Amino acid sequence: MTLVPNSAGESRPPLTALALVCTLKDSPERSSSELLSQQVLDELELEGVSGKLVRVSDFDVHPGVGTDEGEGDQWPGIRDRVAGADILVLGTPIWLGHMSSVAQRTLERLNAEMSVTDERERPVMLGKVAVAAVVGNEDGAHKVSADLFQGLDDIGFSIPAQGVTYWTGEAMGSTDYRDLDTVPDSVESTTAAVARNAAHLARLLAMEPYPPYA
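About the cut-offs
Residues numbered from 1 in each chain as written. Predicted model: local features only at pLDDT ≥ 70, side-chain atom pairs only at ≥ 80, totals over all residues. Heavy atoms only, no water. 1 Å grid on protein atoms, 1.4 Å probe; cavity = no way out; pocket = protein on both sides within 12 Å on 5 of 7 lines; lining within 4 Å. Points joined across faces, edges and corners; volume = space filled by probe spheres on them. Helix = DSSP H or I, 4+ residues; strand = E, 2+ residues; numbered from the N terminus. Nonpolar A, V, L, I, M, F, W, Y, C, P; charged D, E, K, R; others polar. Salt bridge = Lys/Arg side-chain N within 4 Å of Asp/Glu carboxyl O. Buried < 20%, exposed > 50% of the residue type's maximum accessible area, 1.4 Å probe, protein only. Core = buried A, V, L, I, M, F, W, Y, C linked by side-chain atoms within 4.5 Å. Contact = heavy atoms within 4.5 Å. Patch = residues over 30% accessible without salt bridge, like charges linked within 9 Å, V, L, I, M, F, W, Y side chains within 5 Å. Areas by Shrake-Rupley, 256 points an atom, 1.4 Å probe, with all protein chains shown as cover. Polar contact = N/O pair within 3.5 Å; in protein donor to acceptor, adjacent residues only side chain to side chain.

(A) Here's a closer look at the layout of surface pockets. In this structure, the largest pocket spans a volume of roughly 270 Å³. Among the elements of the structure, α1 (32-46), β5 (87-95) and β7 (129-136) are those that each provide at least two residues to the lining of the largest pocket. No other element matches β5, which puts three residues into the lining of the largest pocket. The space that makes up the second largest pocket amounts to roughly 210 Å³. Leu126, Gly127, Lys128, Leu205 and Ala206 are, among the 13 residues lining the second largest pocket, the residues nearest its centre. The residue inventory of the lining of the second largest pocket, partitioned by class, reads eight nonpolar, one polar and four charged.

Below you can see the structure in the form of structure tokens.
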């Protein structure tokens, strides 16, 4: 494993992150989920983690629970990018008190990874870290993150301490996160903590992987 020095001169493994944004909006429409997910990536970059962002709604992701659902399905390309990243950021809005349908479909497609194993019989997503970014104009951030984390944990991702950042506006209000003039201090500090903890856990797992299953 190639190690790179941090600002303190300490050696640590290089890490990458992928943000899957599960807004219902297609590009280039502005998205609060994308904004908060990008802010997580920005904080991860400060921790020495390079990141990319994918808006899932821009792709034709077929329904199903397989790694490839046939002709025209663009999930396999997204899956390859997830497999190549150390940290997954899953961003979603809250609709009707739940994660978006795009986020649900993303989890359903990731479900296939539970039966895909490496040469040591471990699920292929084992050892990867996942965090969440949740936005909405109604209550539900804790419920949505709980649902996300249960699914991601089943699939094999590891969730760091305090692994979600979120913003919820006034109930039945019309202000979106993307409309704010400044990022609230509480969101900014939480986003930084999410990135810091995710990078820390991912480095630990890179240096000391989970034991083999067989």
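(B) Focus on the pattern of salt bridges. Considering all chains together, one arrives at seven salt bridges under this definition. The salt bridge involving Glu34 is made with Arg55; its shortest N-O contact spans 2.8 Å. Of this pair, Glu34 sits in helix α1 while Arg55 sits in strand β4 (residues 49-55); the two residues are 21 residues apart in sequence, bridging distant segments of the chain. For Glu34, a relative accessible area of 24% translates into the label partly exposed. With a closest N to O distance of 3.3 Å, Asp176 and Arg178 form a salt bridge.

(C) Expanded view of the nonpolar core. Judged by nonpolar contacts, the single largest core of 30 residues is most densely connected at Leu20, Val82, Val134, Leu148, Leu152 and Phe157. Where this core is concerned, the elements lending two or more residues are β3 (15-21), α2 (75-83), β5, α3 (101-110), β7 and α4 (141-155). Broken down by element, this core gets its largest block of residues, six residues, from α4. Leaving out residues up to four positions away in the same chain, Leu148 has contacts with Leu90, Thr92, Met99, Leu107, Ala132 and Val134.

(D) Representation of a nonpolar patch on the surface within the structure. A contiguous nonpolar patch, built from Leu24, Trp95 and Leu96 and spanning about 380 Å² of accessible area, is present on the exposed surface. Tracing the sequence through the fold places Leu96 in the loop between β5 and β6 (98-99).

(E) Main features of the side chain of Asp73. Among the structural elements, Asp73 can be located in the loop between β4 and α2. We classify Asp73 as buried; its relative accessible area is 10%. Of note is the side chain of Asp73, whose polar atom sits 3.1 Å from the backbone nitrogen of His62. When neighbours within four sequence positions are excluded, Asp73 is seen to be in contact with Asp60, Val61, His62, Asp68 and Arg109.

(F) Up close: unusual backbone geometry. Looking along the chain, the bond that leaves Ser27 and enters Pro28 is cis, with omega of 5°. Note that Pro28 resides in the loop between β3 and α1. Positive phi is not limited to glycine here, since Glu121 has a value of about 70°. Looking at where Glu121 falls in the secondary structure, it is placed in the loop between α3 and β7. Classification of Glu121 by relative accessible area gives partly exposed; the value is 41%. At Gln162, a position not held by glycine, the phi torsion is positive, near 50°. In this fold, Gln162 is placed in the loop between α4 and β8 (164-168).

Honestly, that's just the spatial picture; any functional story needs more than this.
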